[in-house]
Amino acid sequence: MPDPELGGVGRDMGDCKAMGKTIEHFCGIMTRLGKNQAGNTIAIIAAALVPLAGMVGGAVDISRGYLAQTRLQQACDAGVLAGRKVMGSSGVLSDAVRDEVRKYVGFNFPDAYLGSALSPTTSVNPTLGANDTLQLTVTTTVPTVVMRLFGKNTMTATATCTARNDYANIDIVLVLDVTGSMACKPERDASQCSSYANTSGRKKTMTVDGRTVTYIDEETSGGVNISRMQGLRTALANLQSQMATIESQFNLTEESKRKRIRWAIIPFSQMVNAGFSKGSANTTLYARQPGWFNTTGTYRETTCLSSRGVVTCTLDRTNSSVAHDTTWLANTWDGCIEEQSTSNSITSTSSTIPSTAYDLLFNTVPNSTATRWTVADPVKVGADASTGSPQYACPKPMREMQTMTTTDFNNYFAFNQGFVANGGTYLDLGILWAARLLSRSGNWASENPTLYRTFPVSRYVILMTDGNMDAKAYGYGAYAQEWTWRRVTTNGDPDLSDDNHTARMLLTCTAIKNMDAKIYTISFSSGSTLSQDLIDCSSSTNSTNPEFAYKADDSAELNNVFRDIGENIGSLRLSQ
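Residues numbered from 1 in each chain as written. Predicted model: local features only at pLDDT ≥ 70, side-chain atom pairs only at ≥ 80, totals over all residues. Heavy atoms only, no water.

Asks: Explain the overall build of the protein chain here, please?
Replies: Of the regular secondary structure elements, the protein chain holds 14 helices and 22 strands. Split into buried and exposed, the 576 residues of the protein chain put 48% on the buried side. Put simply, 72% of the contacts in the protein chain that link residues at least 6 apart link residues at least 24 apart. When the accessible area of the protein chain is evaluated, it comes to approximately 26600 Å², of which 52% is carbon and sulfur surface. (Helix = DSSP H or I, 4+ residues; strand = E, 2+ residues; numbered from the N terminus. Buried < 20%, exposed > 50% of the residue type's maximum accessible area, 1.4 Å probe, protein only. Contact = heavy atoms within 4.5 Å. Areas by Shrake-Rupley, 256 points an atom, 1.4 Å probe, with all protein chains shown as cover.)

Asks: Where do I start with the sheet that holds strand β16 (residues 373-375) in this structure?
Replies: In space, the three strands of this open sheet follow the order β10-β16-β15, with mixed pairing throughout. Only two strands of the sheet have a single neighbouring strand rather than two, namely β10 (293-294) and β15 (337-338). Across two bridges, β15 lies against β16 in antiparallel orientation. Residue pairing for β16: E338 is matched across the bridge by T374. (Pairing = 2+ DSSP bridges.)

Asks: Whenever I open this one, the packing of aromatic side chains confuses me. Can you help?
Replies: Where two aromatic rings form a pair, the distance of their centres and the angle of their planes describe that pair. According to the stated counting rule, one finds 21 aromatic pairs in the structure shown. Their ring planes at 85° and their centres at 5.0 Å tell us that F413 and F419 sit as a pair that is edge-to-face. For the pair F413 and F419, one class covers both residues: buried. Residue placement shows K259 over the ring face of F455; its charged tip is 4.4 Å from the ring centre. R436 extends its terminal NZ or CZ atom over the ring of W433, reaching a point 4.5 Å from the ring centre. (Phe/Tyr/Trp six-rings, centres within 6.5 Å; stacked < 30°, edge-to-face > 60°. Lys NZ or Arg CZ within 6 Å of the ring centre and 35° of its normal.)

Asks: What should I look at first to understand the packing of helix α6 (residues 228-250) against helix α14 (residues 555-569) in this one?
Replies: To describe two helices that pack against each other, one gives the angle between their axes and the distance between the axes. Relative orientation of the contacting elements α6 and α14 amounts to 25°, with a least axis distance of 9 Å. As the angle between them shows, α6 and α14 are arranged roughly parallel. As α6 packs across α14, the resulting crossing turns out to be right-handed. For the pair α6 and α14, contact is made by G231, L232, T234, A235, L236, N238, L239, Q242 and M243 and by S555, L558, N559, F562, R563, G566, E567 and I569, respectively. Grouping the constituent residues of the contact of α6 with α14 by class yields eight nonpolar, seven polar and two charged. (Axes fitted to C-alpha atoms, helices over the stretch in contact; angles between N-to-C directions. Parallel < 35°, antiparallel > 145°, perpendicular 65-115°, else oblique. Left-handed = near helix turned anticlockwise from the far one by under 90°. Nonpolar A, V, L, I, M, F, W, Y, C, P; charged D, E, K, R; others polar.)

Asks: What is the right way to look at the nonpolar core in this model?
Replies: Core analysis: the largest hydrophobic core is formed by 60 residues, its most contacted members being V173, I266, W433, V461 and I512. Where this core is concerned, the elements lending two or more residues are β4 (169-177), β9 (261-268), α8 (326-331), β16, α10 (427-438), β19 (455-465), α12 (494-514) and α13 (532-537). It is α10 that provides the largest number of residues to this core, a total of nine residues. Excluding residues that lie within four positions of it along the chain, I512 makes contacts with I431, A434, A435, L438, V461, A517 and I519. Membership of the second largest hydrophobic core comes to 43 residues, among which are A183, I265, Y520 and I522. (Core = buried A, V, L, I, M, F, W, Y, C linked by side-chain atoms within 4.5 Å.)

Asks: Hey, could you run me through helix α3 (residues 95-108) in this one?
Replies: Along an α-helix, residues three or four apart share an orientation, since each turn contains 3.6 residues. Taking 1.5 Å of rise per residue, the 14 residues of α3 would be expected to cover 20 Å, and the 20 Å separating its terminal C-alpha atoms lies within 8% of that figure. Taken together, the buried positions of α3 are occupied by V97, E100, V101, R102 and V105. (Expected span 1.5 Å × (residues − 1).)

Asks: Looking at this structure, I do not really get empty space enclosed by the protein. What am I missing?
Replies: Empty space among the atoms can be located by rolling a probe the size of a water molecule over them. Using the criterion set out here, one finds one cavity of 30 Å³ or more in the structure. Of the volumes computed, that of the largest cavity is approximately 40 Å³. Lining of the largest cavity is provided by V178, T214, C394, P395, V420, A421 and N422. For the lining of the largest cavity, the residue count by class is five nonpolar, two polar and no charged. (1 Å grid on protein atoms, 1.4 Å probe; cavity = no way out; pocket = protein on both sides within 12 Å on 5 of 7 lines; lining within 4 Å. Points joined across faces, edges and corners; volume = space filled by probe spheres on them.)

Asks: Looking at this structure, I do not really get α14. What am I missing?
Replies: In a regular helix each residue adds 1.5 Å, so 15 residues correspond to 21 Å; α14 covers 21 Å between its end C-alpha atoms and thus fits that length. All of the buried residues in α14 are L558, V561, F562, I565, G566 and I569. Take α14 and look down its axis: the buried residues cluster within an arc of 135°, on one side only. Looking at the buried positions of α14, the neighbouring elements they touch are β4, α6, β19, β20 (518-524) and β21 (549-552). In this structure D554 caps α14, since a side-chain oxygen of it lies 3.2 Å from the backbone nitrogen of A556. (Arc of directions from axis to C-beta. Polar contact = N/O pair within 3.5 Å; in protein donor to acceptor, adjacent residues only side chain to side chain.)

Asks: Please explain unusual backbone geometry as it appears in this structure.
Replies: Note: most peptide bonds trans; most residues except glycine with negative phi. Phi is positive for R453, close to 55°, though the residue is something other than glycine. Structurally, the position occupied by R453 is in the loop between β18 (451-452) and β19. Taking relative accessible area as the criterion, R453 reaches 27% and is therefore assigned partly exposed. One non-glycine residue, T454, lies in the positive phi region at around 70°. Within the secondary structure, T454 is located in the loop between β18 and β19.

Asks: Which parts of the structure should I look at to understand the pairing of strand β11 (residues 296-299)?
Replies: The side chains of a regular strand alternate between the sheet's two faces. Alternating residues of β11 divide into G297 and Y299, all buried, and T296 and T298, none buried. Direction of pairing for β11 relative to strand β14 (residues 320-323): antiparallel, over a ladder of four bridges. The residue bridging G297 from the neighbouring strand is V322, located in β14.

Asks: How should the side chain of S116 be read in this particular structure?
Replies: Relative to the elements of secondary structure, S116 occurs in the loop between α3 and α4 (120-123). Judged by its relative accessible area of 6%, S116 is buried. A distance of 2.8 Å separates a polar side-chain atom of S116 from the backbone oxygen of Y113. Look past the residues within four positions of S116 in its chain and what remains in contact with it is F109, T140, T141, V142 and P143.

Keep in mind these numbers describe shape, not what the thing actually does.
Structure below.
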């Protein structure tokens with residue numbers, strides 16, 4: 001039995017009133033404590049500290065790891081680019097290349113950065129991949145700050161990168177406007193330049209290689225040549241210097257692995273001089289392929305006179321068939337040609353090329369009257385400027401794809417070697433010959449390998465003009481006199497002629513880009529505009545900010561444009 005003096009111990013402990021005062025007091029304290037929640041927060045916080053520390057610590061350490069990874073990738077990229085530049089075209093992974101890689105990695109990711117364990121001298125070991133690519137993988141560990149409390153002491157960061165040289169082999173086609181306006185200084189607008197070029201006494205002649213060359217005298221100031229032609233010569237010389245630097249690197253390796261840079265040059269106005277074009281063997285195209293030319297041509301004489309700005313032309317519609325003998329070809333012919341047979345159904349809405357447009361089907365083998373080029377005979381169309389007859393201009397002979405020394409390159413563009421300004425602007429004509437020379441399935445296919453000494457060939461076209469399309473309806477050009485023959489239009493209208501020639505240009509530009517070649521376009525002179533046509537012709541993918549189309553207002557800007565193009569052609573690239 002429980003002792004009653006003990007306050008009823010042995011009864012229900014919850015019955016505090018039945019207990020003694022001491023026990024009753026103790027029981028009350030415990031009851032109140034049991035019902036009081038004021039201290040629960042302390043317990044909850046204490047219980048949550050462990051996972052909270054893990055979460056915060058994880059975020060801190062993950063941020064450190066991300067920072068280390070980003071910095072390591074930047075260091076890796078910088079290292080292989082620097083090393084690939086030192087390697088040049090030798091293809092040799094030398095100690096100098098390794099040292100350069102390590103130096104740049106170490107500079108961008110210093111030893112013990114964030115406490116990491118990466119020593120550039122021992123942990124950075126580049127390797128050589130296919131096609132002389134420089135490869136590198138770098139790995140380091142970064143110590144944790146908080147997560148070590150949970151047993152995670154380090155984090156791993158890895159970066160992989162590869163650098164290649166995009167100028168494995170380089171083929172460049174220069175398509176250059178040498179029309180009469182190129183004799184003016186760049187600051188003149190079209191009207192001012194026309195006045196300059198048409199001033200009495202501006203048109204002159206010289207003898208080059210036994211042929212008479214007619215040209216517009218280039219503008220000077222204080223005895224200094226300030227013409228667009230001279231600005232072009234300077235810019236081209238600087239471009240060649242950039243490529244010569246690359247060539248000097250090519251020459252460091254053994255002959256069997258040596259890459260090359262080749263040039264093709266197409267001066268154009270209203271004609272292209274294809275007959276006397278020189279190939280790599282330094283023989284003319286006519287001498288190599290006489291069967292590609294019609295030496296018997298059909299011509300119509302047209303005489304045009306201008307009175308108070310109005311041009312009046314008279315036409316003898318009797319066709320004159322002329323057979324040119326070897327004496328005329330050897331002593332009189334200037335090398336320019338009329339184009340192959342074509343179709344006048346090609347307009348600005350055309351997306352396909354008719355089967356009868358042999359000129360734009362630039363892989364056509366010239367083996368018939370319609371598919372051959374016909375020797376130009378300006379006398380038979382009355383194209384003598386002194387009598388007010390149709391305008392005629394024959395530029396310097398083009399050069400087919402070949403390597404060129406610095407001396408040969410610069411001599412080609414010399415004034416006294418016939419690189420002069422004269423004639424109207426047929427943009428489609430220049431780009432058409434670029435397509436012919438670049439095609440891997442056409443008449444110059446043997447000159448266009450996909451690989452040279454196991455390395456790919458990168459191909460570029462640079463089209464430079466100082467004006468928009470300006471085909472002369474009454475002039476004697478590559479499609480004869482448009483007003484007379486109507487090979488490009490149905491009615492001889494000069495505006496329609498410009499539109500149709502532009503459509504032809506854009507069709508050809510698309511064909512070149514489909515041949516895996518890049519096209520740069522340049523509009524030169526303050527009076528010219530970077531037209532949408534030039535942007536569309538280029539390899540630009542952004543019309544608002546075209547990356548392959550340029551505007552140069554003066555000679556200094558033109559030089560900068562060619563420098564930028566040269567840097568793009570010969571640039572290093574991160575492969576990964």
